[in-house]
Amino acid sequence: MPLEQELSLYIWSDYLADTTVPDFEKEFGVKVTVDNYESNEEMVAKLQAGASGYDLVVPSSYVLTVLRAAGLLAPVDRTLLPNAKNIAPLFRNPRWDPGDQVSIPWQWGFTGIAYRKDHIQVPPDSWAIFLDPKYRGKMTMLDDGRDVLGSFLKSHGHSLNSVAPAELAEAKTDAISAKKNLKAFLSAPVKGQLVAGDVWVAQLWNGDTAQARAESDQIGFAPAKEGATIWLDALVIPKAAKHKRAAHAFMNYILRPEVGAAISDKTGYGTPNAAAIPLTKAKLPYPSSAELAKLEYQIDLGPAGEMWDRVWTEVKSA
Ligand code: N2P
């Protein structure tokens, strides 16, 4: 299969190093188009609405499960990925892609609480901060029902994948109370507001917080003591992709140690590339077993996903 001259990448915002795409274009003679999304749900909605122009997308693991089960993903030809040898054992043969058939890992991270040190003296290490009216109007939570309801489920000692209606109802009550204190539900774009000092406390991912910290030393990050989401986002090729050979070339390219390290240095997220870790500035290690014990992967909720969607819609419109 000859290398096509185009590649269309659909990826979370702020998830590439500045050099990742230009260097690939130069070396491979492939013109890359990059489109961004701010949530898994936004990406899935676009794919479901029939967007068929993408050659690579980067779902979180629980969404990968759904796309895979729906038969929307193309098999990945590992013979075209000699650099897959660099993938750390922790990220091989994951439960969301048994046998590594349709994906390669992109980055991993977790959700916590970003805060302005100049306004908040004690690191806010509990999701309860969002229920405290003291910082009304200066706080945001992610625009992501799984993360918002998940954090309040954790606060009550439940799994963030709970499908028990009574548990979800408790989380919904908290989310609606929190909403009164929030400036907005906002994901990656909150970084600018943290840096500007307009937001003092934000439920945010560790890497995006690190990106904000690179612009302001007033930004801290506290893991929530009740526990939180850990995720792994992965590169997949939609079945309808028109440039599958170029998609494989890009996959193999990002699995180079120096390319993976540059992505992590820019995004602040962990690399699943074992050969890249020694080259990263932060040398972000894999989660320790103590950390892993507090963190939980989101899983596909199956038919209960509809109940979750309904609850989240109710929170957003409350
Ligand atoms: C990209 C962050 C994506 C993390 N800015 C969510 N899985």
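All values reported here derive from a predicted model rather than from experimental measurement.

Chemist: Would you mind going over the overall build of the protein in detail, with residue names and values included?
Modeler: Of the regular secondary structure elements, the protein holds 11 helices and 10 strands. Relative to its length of 318 residues, the protein is compact, with a C-alpha radius of gyration of 19 Å against a globular reference of 20 Å. Principal-axis analysis of the C-alpha atoms places the extent of the protein at approximately 60 × 45 × 35 Å. Counting over 318 residues, the protein shows a buried share of 55%. Of the accessible surface of the protein, which amounts to about 13,300 Å², a share of 56% is contributed by carbon and sulfur atoms. The distance from the centre of the 33 positive side-chain charges to the centre of the 38 negative ones in the protein is 1 Å.

Chemist: Let's hear about the site of the ligand: which residues, and what values?
Modeler: Surrounding the ligand, one finds Trp12, Ser13, Asp14, Tyr15, Ser60, Trp205, Asp208, Trp231, Asp233 and Tyr269. In the environment of the ligand, a nitrogen atom lies 2.9 Å from a nitrogen or oxygen atom belonging to the side chain of Asp208. A distance of 2.9 Å separates a nitrogen atom of the ligand from a polar side-chain atom of Asp233. Within the complex, 98% of the 260 Å² of free accessible area of the ligand lies under protein. Class assignment for the residues of the shell around the ligand results in five nonpolar, two polar and three charged.

Chemist: Would you mind going over the packing of aromatic side chains in detail, with residue names and values included?
Modeler: Each pair of aromatic rings is reported with the distance of its centres and the angle of its planes. As enumerated under the stated definition, the model contains 18 aromatic pairs in all. Each ring, one from Tyr10 and one from Tyr54, has its centre 4.2 Å from the other, and the planes form 5 degrees; the classification is stacked. One end of the pair, Tyr10, is in strand S1 (residues 6–12); the other, Tyr54, is in the loop between helix H2 (40–48) and strand S3 (56–57), with 44 residues separating them in the sequence. Given the relative accessible area of 7%, Tyr54 is considered buried. Ring plane angle 50 degrees and centroid distance 5.3 Å describe the contact between Trp96 and Tyr297, whose orientation is recorded as tilted. Taken together, the residues span a long stretch of sequence, with Trp96 in the loop between helix H3 (61–69) and strand S4 (103–116) and Tyr297 in strand S10 (residues 295–297) at a distance of 201 residues. Here Trp96 falls in the buried class, since its relative accessible area comes to 9%. Tyr297 sits in the buried class, given a relative accessible area of 18%. Through pairs of rings, three or more aromatic residues link up here, namely Tyr10, Trp12, Tyr15, Tyr37, Tyr54, Trp106, Trp205, Trp231 and Tyr269.

Chemist: Describe unusual backbone geometry, with residues and values.
Modeler: Outside of glycine, negative phi angles account for most residues, and trans bonds account for most peptide bonds. Positive phi, normally seen in glycine, also occurs at Asp14, with a value near 55 degrees. Considering the arrangement of structural elements, one finds Asp14 in the loop between S1 and helix H1 (20–28). Positioned with a positive phi, Asn93 is a non-glycine residue whose angle comes to about 45 degrees. Of note, Asn93 is situated in the loop between H3 and S4.

Chemist: So what's going on with the nonpolar core? Which residues, and what values?
Modeler: When a protein is soluble and globular, its nonpolar side chains tend to lie buried together. By size, the foremost hydrophobic cluster in this structure holds 103 residues, and its most contacted members are Leu7, Leu56, Trp106, Phe130, Leu235, Phe250 and Ile254. When neighbours within four sequence positions are excluded, Leu56 is seen to be in contact with Leu7, Ser8, Leu9, Tyr10, Leu235, Val236, Ile237, Pro238, Ala247, Phe250 and Met251.

Chemist: Pulling in residues and values, what's your account of helix H9 (residues 257–267)?
Modeler: The α-helix advances 3.6 residues per turn, and as a result positions three or four apart in sequence lie on the same side. Along H9, the residues that are buried comprise Val259, Gly260, Ala261, Ile263, Ser264 and Thr267. On its buried side, H9 packs onto H1, S4, helix H7 (206–213) and helix H8 (244–254). Downstream of H9 by one or two residues, Gly268 has phi in the positive range, about 80 degrees.

Chemist: Talk me through the pattern of salt bridges; I want residue IDs and the actual numbers.
Modeler: For the structure on display, the rule yields 14 salt bridges. Two residues, Asp35 and Lys46, come together in a salt bridge whose shortest N-O distance is 4.0 Å. Taken together, the residues Asp35 in strand S2 (residues 31–37) and Lys46 in helix H2 connect sequence positions 11 residues apart. You can call Lys46 partly exposed: its relative accessible area is 35%. Taken together, the salt bridges that share partners define one network made up of Asp14, Lys191 and Asp208.

About the thresholds
- Residues numbered from 1 in each chain as written.
- Predicted model: local features only at pLDDT ≥ 70, side-chain atom pairs only at ≥ 80, totals over all residues.
- Heavy atoms only, no water.
- Helix = DSSP H or I, 4+ residues; strand = E, 2+ residues; numbered from the N terminus.
- Rg over C-alpha atoms; globule rule 2.2 N^0.38 Å.
- Buried < 20%, exposed > 50% of the residue type's maximum accessible area, 1.4 Å probe, protein only.
- Areas by Shrake-Rupley, 256 points an atom, 1.4 Å probe, with all protein chains shown as cover.
- Lys, Arg positive; Asp, Glu negative; His and termini not counted.
- Charge placed at Lys NZ, Arg CZ, Asp CG, Glu CD.
- Near = heavy atom within 4 Å.
- Polar contact = N/O pair within 3.5 Å; in protein donor to acceptor, adjacent residues only side chain to side chain.
- Nonpolar A, V, L, I, M, F, W, Y, C, P; charged D, E, K, R; others polar.
- Phe/Tyr/Trp six-rings, centres within 6.5 Å; stacked < 30°, edge-to-face > 60°.
- Core = buried A, V, L, I, M, F, W, Y, C linked by side-chain atoms within 4.5 Å.
- Contact = heavy atoms within 4.5 Å.
- Salt bridge = Lys/Arg side-chain N within 4 Å of Asp/Glu carboxyl O.

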